[in-house]
Amino acid sequence: GDSVTQTEGLVTLTEGLPVMLNCTYQSTYSPFLFWYVQHLNEAPKLLLKSFTDNKRPEHQGFHATLHKSSSSFHLQKSSAQLSDSALYYCALSASSGSWQLIFGSGTQLTVMP
Amino acid sequence: EAAVTQSPRNKVTVTGGNVTLSCRQTNSHNYMYWYRQDTGHGLRLIHYSYGAGNLQIGDVPDGYKATRTTQEDFFLLLELASPSQTSLYFCASSDAWGAGERLFFGHGTKLSVL
C-alpha cells in the first residue's frame, strides 16, 4: 500500500543555517504530496502542496520539489528562524489509496539561537 | 480560515471509563475526521464521515466509536477506555474527498487514561 517515510525524528539546527527535512514515499500512482506544520500547542496546518504541473510550491520561505524518479518531496529553507521550530509532517494522497491522506511519522525541528 | 473546535482540551479518565470527545466545524465542510497522534506514529486515522449519519472506518478503529449527528458535529466515543488510548486526538474537516484536498484541524484533545 501507499506509505510515507520521514527518517529523521528529531532535527536540531542553529538559526541561520539551511533546513532540509527528508520525505520519501511509495505509491502505485502519481500522488499529491503535502507538508503540514504543527507549532507547539497549535493545530496542524497545511504548509505546502505539490502541483500537478511540476511547479515548485513555496510558502513562508519553505519550498519542496517533487522528484518522481527518487519518490521524494524534501522540505527546504535557505535560512532557519527560531519560529520555524515545530513538528513537520509529510503526507500523500493518491488514487491507489482511495485518495486517503496518509501521514509520515513526523520530524520535530528545533532551531537554536 | 476554516474553524474546527474541539472539546474538552484535556481529559483524564480511568481504565474502563466512558469518554466522549466533541468536534464542531463551522465551514460547511462535508468531510470530518478523527485522528490520534502518537510519537513515532504520526497522525493515524480512526474514523471519518462524509455527512450526517454517515460513518467510515479508518486505519485504527478498534476501541472507538464515532457518530456524526449534523454536518457540523462529529463525536468520538471511547466506551471502555484503556491506557493504550492515552493520546492526543485531532479532529479535522475538509470540503471534499479527493486529490489534493486540504484538511483543517482543531487544536486537539489530550486524553489520559489512568
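Our structure's up above, just so we're on the same page.
Residues numbered from 1 in each chain as written. Chains lettered and ligands numbered in written order. Predicted model: local features only at pLDDT ≥ 70, side-chain atom pairs only at ≥ 80, totals over all residues. Heavy atoms only, no water.

Run through the interface of chain A and chain B, naming residues and quoting values.
Each partner contributes residues to the interface: chain A has 20 residues there, and chain B has 21 residues. Three residues stand out in chain A for area buried against chain B, namely Pro44, Gln100 and Phe103 of chain A, and they jointly supply 29% of the buried area on that side. Taken together, chain A and chain B are joined by zero salt bridges. Listed by contribution, the elements that provide at least two residues to the side of chain A that touches chain B are strand 5 (32-38), strand 6 (45-49) and strand 10 (86-93) of chain A. (Contact = heavy atoms within 4.5 Å. Buried area = accessible area lost by both parts, 1.4 Å probe. Salt bridge = Lys/Arg side-chain N within 4 Å of Asp/Glu carboxyl O. Helix = DSSP H or I, 4+ residues; strand = E, 2+ residues; numbered from the N terminus.)

Go over the state of the cysteines with me, naming the residues and quoting the values.
All names here are of chain A. A full pass over the atoms with the stated rule returns two disulfides over all chains. Bridging cysteine 23 to cysteine 90, the disulfide has an S-S length of 1.9 Å. Taking the sign of the torsion about the S-S bond as the criterion, the disulfide between cysteine 23 and cysteine 90, at about -65°, is left-handed. Placement of cysteine 23 in the loop between strand 3 (19-21) and strand 4 (24-26) and of cysteine 90 in strand 10 is noted, with a sequence separation of 67 residues between them. According to the relative accessible area criterion, cysteine 90 is buried, its value standing at 0%. (Disulfide = S-S within 2.5 Å. Buried < 20%, exposed > 50% of the residue type's maximum accessible area, 1.4 Å probe, protein only.)

Any details on the side chain of histidine 29 of chain B? Residues and values, ideally.
Relative to the assigned elements, histidine 29 of chain B resides in the loop between strand 3 (19-25) and strand 4 (31-38). Within the structure, the side chain of histidine 29 of chain B is placed 2.8 Å from the side chain of serine 93 of chain B, a separation counted as a polar contact. (Polar contact = N/O pair within 3.5 Å; in protein donor to acceptor, adjacent residues only side chain to side chain.)

Residues and numbers for the sheet that holds strand 7 (residues 58-59) of chain A, please.
The strands that make up a sheet are held in pairs by hydrogen bonds between backbone atoms, and each pair lies either parallel or antiparallel. All names here are of chain A. Strand order in this open sheet of four strands is 3-9-8-7, and the pairing throughout is antiparallel. Bordering the open sheet on either side are strand 3 and strand 7, each of which pairs with just one other strand. Strand direction decides the pairing type here: strand 3 and strand 9 (residues 75-77), joined by three bridges, are antiparallel. When the bridges of strand 9 are listed, methionine 20 appears paired with glutamine 76. (Pairing = 2+ DSSP bridges.)

Account for the nonpolar core, naming residues and giving values.
Core analysis: the largest hydrophobic core is formed by 25 residues, its most contacted members being Leu33, Trp35, Leu47, Leu75 and Tyr88 of chain A. Elements represented by at least two residues in this core include exactly strand 2 (10-14), strand 3, strand 5, strand 6, strand 8 (62-64), strand 10 and strand 12 (107-112) of chain A. Counting 20 residues, the second-largest nonpolar core is a separate cluster that includes Tyr36 and Leu46 of chain A together with Tyr31 and Leu45 of chain B. (Core = buried A, V, L, I, M, F, W, Y, C linked by side-chain atoms within 4.5 Å.)

Explain the environment of alanine 94 of chain A residue by residue, including any values.
Within the secondary structure, alanine 94 of chain A is located in the loop between strand 10 and strand 11 (102-103). Apart from residues no more than four positions distant in its own chain, alanine 94 of chain A is found in contact with Asp2, Ser27, Tyr29, Pro31 and Trp99 of chain A.

Give me the lowdown on the sheet that holds strand 7 (residues 65-68) of chain B, citing residues and values where you can.
Residues and elements named next belong to chain B. Read across the sheet, four strands follow the order 1-3-8-7 without closing on themselves; strand pairing throughout is antiparallel. Strands with a single pairing partner mark the edges of an open sheet, and in this sheet they are strand 1 (4-7) and strand 7. If you compare each strand with its neighbour and ignore which way they point, the axes differ by 15° on average. (Axes fitted to C-alpha atoms, helices over the stretch in contact; angles between N-to-C directions.)

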